[in-house]
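A look at the structure
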Amino acid sequence: DRLEAIYRRYGLSLSAQRSVTAPGVEGMRAITATMDAFRVRPPERLGGRTIESVKDYQPDPRKGSSTGLPPSNVIAFELAGGSRVTLRPSGTEPKIKYYFDHREELGPSESYEAGTRRAQRNLDELIEDFMQQTASRGGVV
């Protein structure tokens, strides 16, 4: 009951991750091209939500770092409503990782179970839309 009260006050959070292996030199090129494609042409919307900000942790040599953190090949899209999608290549394996953090408000009279099902559907839609947008950019899916 206490945990449900917290979710009702602050929203329900769900997370998921997808790892896509792309071995060899061609795989590394494809991973690099995926990151470059999202840097050059970031989406305006993901999963029906507007992108409110883009955090690129790899500083532009002309502009410097905007995050105040050490440079890293990571891009995070902050979405309306508190959701986020993050992309990063693995530093030790031939793969790229996509992280999905979704925040969902529960309706005042909505059951926790119904809210959780709705949140999961919306997270699934976010993942599907992101993967489609990745494929349309020629990225690794």
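What this report covers is the structure whose coordinates are included nearby. (Residues numbered from 1 in each chain as written. Predicted model: local features only at pLDDT ≥ 70, side-chain atom pairs only at ≥ 80, totals over all residues. Heavy atoms only, no water.)

Here the focus is helix 2 (residues 24-40). Relative to the 24 Å expected for 17 residues at 1.5 Å per residue, helix 2 spans 24 Å between its end C-alpha atoms, a close match to the ideal helical length. All of the buried residues in helix 2 are G27, I31, T34, M35, A37 and F38. Along the axis of helix 2, the buried positions cluster into a sector of 160 degrees, meaning they face one direction only. Residues of helix 2 that are exposed and point over 90 degrees away from its buried face: V25, E26, M28, R29 and V40. Turning to helix 2, the residues buried within the fold contact strand 4 (75-79), strand 5 (84-89), strand 6 (95-104) and helix 3 (112-136). (Helix = DSSP H or I, 4+ residues; strand = E, 2+ residues; numbered from the N terminus. Expected span 1.5 Å × (residues − 1). Buried < 20%, exposed > 50% of the residue type's maximum accessible area, 1.4 Å probe, protein only. Arc of directions from axis to C-beta. Contact = heavy atoms within 4.5 Å.)

Glancing now at the pattern of salt bridges. Under the definition given, this model contains 10 salt bridges. Notably, a salt bridge pairs E104 with R118, separated by 2.2 Å at the nearest N-O pair. One end of the pair, E104, is in strand 6; the other, R118, is in helix 3, with 14 residues separating them in the sequence. Measuring nitrogen to oxygen at the nearest pair gives 2.6 Å for the salt bridge that ties E110 to R118. Judged by relative accessible area, which is 19%, E110 ranks as buried. (Salt bridge = Lys/Arg side-chain N within 4 Å of Asp/Glu carboxyl O.)

With that settled, consider the side chain of D129. Note on placement: D129 falls in helix 3. Put simply, D129 is tucked away with no salt bridge, and the nearest opposite charge, on R45, sits 7.3 Å away. The residues touching D129, leaving out its near neighbours within four places in the chain, are R45, L46, G47 and G48. (Lys, Arg positive; Asp, Glu negative; His and termini not counted.)

All right, on to the packing of aromatic side chains then. By the definition in use, this model includes 5 aromatic pairs. Plain terms: the ring middles of Y98 and F130 are 5.0 Å apart, the flat faces sit at 65 degrees to each other, and that makes the pair edge-to-face. Taken together, the residues Y98 in strand 6 and F130 in helix 3 connect sequence positions 32 residues apart. By the burial criterion, Y98 is buried, and F130 matches it. (Phe/Tyr/Trp six-rings, centres within 6.5 Å; stacked < 30°, edge-to-face > 60°.)

Read these as spatial facts, not as claims about activity.
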